[in-house]
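The lines below spell out each chain.
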Amino acid sequence: MGHGTNRVEDMASPNNGTTAPATATARETIVDIHSVCLPPKKTVFQKLKKRFGDVFFPDDPLERFRNQTWRNRVILGLQSLFPIFTWGSQYDLKLLRSDVVSGLTIASLAIPQGISYAKLANLPPIVGLYSSFVPPLIYSVLGSSKHLAVGPVSIASLVMGSMLSESVSPTQDSILYLKLAFTSTFFAGLFQASLGLLRLGFVIDFLSKATLIGFTAGAAVIVSLQQLKGLLGIVHFTGKMQFIPVMSSVFSHRSEWSWETILMGLGFLAILLTTRHISMRKPKLFWISAASPLASVAISTLLVFLIRNKTQAISFIGHLPKGLNPPSSNMLYFSGTHLALAIKTGIITGILSLTEGIAVGRTFASLKNYQVNGNKEMMAIGFMNMAGSCTSCYVTTGSFSRSAVNYNAGAKTAVSNIVMASAVLVTLLFLMPLFYYTPNLILAAIILTAVIGLIDYQAAYKLWKVDKFDFFTCMCSFFGVLLVSVPLGLAIAVGVSVLKILLHVTRPNTVEFGNIQGTQIYQSVKRYREASRIPGFLILAVESPIYFANSTYLQERILRWTREEEARIKENSGSTLKCIILDMTAVSSIDTSGIEAVFELRRRLEKQSLQLVLVNPVGSVMEKLHKSKIIESLGLSGLYLTVGEAVADLSSTWKAHGQP
């Protein structure tokens, strides 16, 4: 602590912690001033190492390996790579009982949903069942969530179907379409696993919550409208995914509407929605909504079988091959004109499915007070999809509806996925002929029931109340998907989100501070009525890093603050403005352009006989200011630890020199 002065202390120097000497003997009032310290000296390598660790290893994954024997390190390594080793040794019959019940419960939901979502992706229905067998087995070994139920999901299915069908017809060129679907799945998995291995999970953070709310709602509307084909019995339906072409196709093919299909479809849709409502109102009755899709499939199949000779108006699935997943590694498409399409589709579906899977896993982990490792989940979902692409599966992830049923059914570990996969295996081997007469209308009703919950109007209303820009982003995503296309709608929303980031970076906020009387607290004069301006001072706070992108703007904005303050003083006949204080507490970093801007600002203020004072720069900023010699140019009274100390010290100095 010093008296009446202000010095920079080097934390590495032998005199660290000593007080700054008193130099202003002419002052009438002695003011205690804390020295502003430089951060401890570090080598370039030490700085890079710390920065690298903060960016890529914020959770310090190697901490648990320290001070361990080689045997324990091997065990910990296996547990890190394969979470099943963490809980497998403590698994008992009681846990198995819970997992068997929950696994069979989600299987009753996964089987009809798998068939339905495959149709949504314009793939053969059997591919949906294949995708409900292999991926859950892989996830149960690699995944860290106890409640995530893995399988096909509506959004990824819609995106894959819409993107691939724009270039390749799933009916006229079905083999090529199937190859592209498997290849897209491979690239989706490769992308997901790479993000996990390289610890680049922050990439998916560009899909903000507002973007996802609008996107999922828009996709849910498109998915719902697409199901009008099955519910109305339309044969010649548009392959486009936009709102206007779909509705035009619905009404232009009114001659194909089938009253038998409409009647049966609306009846089963009403049943499914009712059971869903009951389970939402009373979570203990979760089994009603979980069992209703499979029960509806069984009843509708039986009805169609019984009336098959009386009407041909109701379309049904037809033959589904029995047997395990056939290998599809020979169908991966790594060269040709459509490779770019497969890569693009894979990356987009990979991001969407990864975002959904991690969000669902963390949601249920928080309810049971355990942690889901984001990077492990990325690798688990990625390897799961890569393996799936070689076993006739398309993109899979954690489904919210199935995971909710899994959680409510009492799942304890990932073994519930193994049980579900076993039930699907039995279905593939022995029960496929039973689905021959399953009507397409029931698949449409199941999809409608599943996606209706994705339209979260309450979340959109909350965005409107809290952040109008987020609401605008949400609407851009919603209408982009609805009116333009699914991938472009997502791109528009991401673009708006990036624009928001750029606006915050290039046009940061600056606030004028005043003193709350009777305290040493300085806060915004607009936010706090009791905060009053200090005569002779303009106190400003910069609330962002100072970069090349905003340095010029900040310089001009501060000069504008100065002009406005001088005009206000002139109008009110107040004390002359003498000093501009910049509170840099919120300036987390500064680059060379920012330093140059501070130099230039000081020079321009000096021409107006105004002093520039910096307050409380953080360690890294302080170090750069010191190396750039800007501290020397500011002088002894140009740097302070707090605004209160700056005001008190400068005021006493002016008074000592007889200045008003």
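Conventions used here
Residues numbered from 1 in each chain as written. Predicted model: local features only at pLDDT ≥ 70, side-chain atom pairs only at ≥ 80, totals over all residues. Heavy atoms only, no water. Patch = residues over 30% accessible without salt bridge, like charges linked within 9 Å, V, L, I, M, F, W, Y side chains within 5 Å. Areas by Shrake-Rupley, 256 points an atom, 1.4 Å probe, with all protein chains shown as cover. Salt bridge = Lys/Arg side-chain N within 4 Å of Asp/Glu carboxyl O. Helix = DSSP H or I, 4+ residues; strand = E, 2+ residues; numbered from the N terminus. Buried < 20%, exposed > 50% of the residue type's maximum accessible area, 1.4 Å probe, protein only. 1 Å grid on protein atoms, 1.4 Å probe; cavity = no way out; pocket = protein on both sides within 12 Å on 5 of 7 lines; lining within 4 Å. Points joined across faces, edges and corners; volume = space filled by probe spheres on them. Nonpolar A, V, L, I, M, F, W, Y, C, P; charged D, E, K, R; others polar. Contact = heavy atoms within 4.5 Å. Disulfide = S-S within 2.5 Å. Lys, Arg positive; Asp, Glu negative; His and termini not counted. Charge placed at Lys NZ, Arg CZ, Asp CG, Glu CD. Phe/Tyr/Trp six-rings, centres within 6.5 Å; stacked < 30°, edge-to-face > 60°. Lys NZ or Arg CZ within 6 Å of the ring centre and 35° of its normal. Axes fitted to C-alpha atoms, helices over the stretch in contact; angles between N-to-C directions. Parallel < 35°, antiparallel > 145°, perpendicular 65-115°, else oblique. Left-handed = near helix turned anticlockwise from the far one by under 90°. Expected span 1.5 Å × (residues − 1).

## Brief notes about a nonpolar patch on the surface
Then, number 1: There is a patch of nonpolar side chains on the surface, built from Phe206, Val498, Ile501, Leu502, Val505, Tyr547 and Phe548 and spanning about 610 Å² of accessible area.
Then, number 2: Take Phe206: it is sitting in the loop between helix 8 (174-197) and helix 9 (209-226).
Then, number 3: Residue Phe206 is classed as partly exposed on the basis of its relative accessible area, which comes to 40%.

## Overview of empty space enclosed by the protein
A probe as big as a water molecule, rolled over the atoms, marks out the empty space that is left.
Then, number 1: Scanning all chains against the criterion turns up 1 cavity of 30 Å³ or more.
Then, number 2: Put simply, the largest cavity is a space of about 80 Å³.
Then, number 3: Breaking the lining of the largest cavity down by element, the ones donating at least two residues are helix 22 (551-572) and helix 23 (592-607).
Then, number 4: A breakdown of the residues in the lining of the largest cavity according to their chemical character gives 8 nonpolar, 3 polar and no charged.

## Overview of the pattern of salt bridges
Then, number 1: Counting across every chain of the model gives 10 salt bridges.
Then, number 2: Among the ionic pairs, Lys500 bridges to Asp470, the shortest N-O distance being 2.7 Å. Of the two residues, Lys500 sits in helix 21 (residues 486-506) while Asp470 sits in helix 20 (residues 468-484), which places them 30 residues apart along the sequence.
Then, number 3: Between Glu606 and Arg602 there is a salt bridge whose closest N-O contact spans 2.7 Å. Of this pair, Glu606 and Arg602 both sit in helix 23, 4 residues apart, which is roughly one turn of the helix.
Then, number 4: Here the salt bridges share partners, and the residues they tie into one network are Glu512, Arg533, Glu565 and Arg568.

## Describing the layout of surface pockets
Then, number 1: By volume, the second largest pocket is sized at about 980 Å³.
Then, number 2: Taken together, 31 residues form the lining of the second largest pocket, with Lys119, Asn122, Thr171, Gln226 and Lys229 sitting closest to its centre.
Then, number 3: Going through the elements one at a time, helix 4 (93-120), helix 8, helix 10 (228-232) and helix 18 (440-451) are the ones with two or more residues in the lining of the second largest pocket.
Then, number 4: With 4 residues, helix 18 is the single largest residue contributor to the lining of the second largest pocket.
Then, number 5: When the residues that make up the lining of the second largest pocket are grouped by side-chain class, the tally is 14 nonpolar, 15 polar and 2 charged.

## As for the side chain of Ser184
Then, number 1: With respect to the secondary-structure elements, Ser184 resides in helix 8.
Then, number 2: For Ser184, a relative accessible area of 0% translates into the label buried.
Then, number 3: Dropping the residues within four chain positions of it, Ser184 is found in contact with Met160, Leu164, Ala342, Thr345 and Gly346.

## Observations concerning the environment of Met584
Then, number 1: Looking at the element boundaries, Met584 is found in the loop between strand 11 (579-583) and helix 23.
Then, number 2: A C-alpha to C-alpha distance of 45 Å links Met584 and Leu482, two positions 102 residues apart in sequence.
Then, number 3: If near-sequence neighbours (up to four positions away) are discounted, Met584 is found in contact with Ile546, Leu614, Val615, Asn616, Pro617, Val618 and Val621.

## Side note on the state of the cysteines
Then, number 1: Scanning all chains against the criterion turns up 0 disulfides.
Then, number 2: Here Cys390 stays free of any disulfide, with the sulfur of Cys393 as its closest cysteine sulfur at 9.7 Å.
Then, number 3: A relative accessible area of 27% places Cys390 in the partly exposed class.
Then, number 4: Take Cys393: its relative accessible area is 0%, and that puts it in the buried class.

## Here we look at a positive patch on the surface
Then, number 1: A surface patch of positive charge is lined by Lys94, Arg97, Lys368 and Lys412.
Then, number 2: Mapped onto the secondary structure, Lys368 falls in the loop between helix 14 (339-367) and helix 15 (374-389).
Then, number 3: You can call Lys368 partly exposed: its relative accessible area is 46%.

## Some points on the packing of aromatic side chains
Then, number 1: Following the criterion strictly, the structure yields 16 aromatic pairs and no others.
Then, number 2: Both rings, one in Phe364 and one in Tyr407, keep their centres 5.3 Å apart while their planes meet at 35°; by these two values the pair is tilted. Of this pair, Phe364 sits in helix 14 while Tyr407 sits in helix 16 (residues 400-408), and the two are 43 residues apart along the sequence.
Then, number 3: The buried category is assigned to Phe364, whose relative accessible area is 6%.
Then, number 4: Considering the side-chain rings of Phe478 and Phe479, the 5.0 Å spacing of their centres and the 80° angle between planes classify their relative orientation as edge-to-face.
Then, number 5: A relative accessible area of 41% places Phe479 in the partly exposed class.
Then, number 6: Three or more aromatic residues link up through ring pairs in this structure, and these residues are Phe305, Phe316, Tyr436 and Tyr437.
Then, number 7: The ring of Phe305 has Arg308 sitting right over it, with the charged end atom 4.1 Å from the ring centre.

## Brief notes about the packing of helix 12 (residues 259-281) against helix 13 (residues 286-306)
Then, number 1: At their nearest, the axes of helix 12 and helix 13 sit 8 Å apart, and the two run at 165° to each other. In terms of orientation, helix 12 lies roughly antiparallel with respect to helix 13. In terms of crossing hand, the pair formed by helix 12 and helix 13 is right-handed. Here helix 12 contributes Met264, Phe268, Leu272, Thr275, Arg276, Ile278 and Ser279 to the contact with helix 13, which in turn contributes Phe286, Ile288, Ser289, Ser292, Pro293, Ser296, Ile299, Ser300, Leu303 and Val304.

## Things to note about helix 14
Then, number 1: The terminal C-alpha atoms of helix 14, which comprises 29 residues, lie 42 Å apart, in line with the 42 Å expected from a rise of 1.5 Å per residue.
Then, number 2: Asn369 occupies a position one or two residues after helix 14 and carries a positive phi of about 60°.

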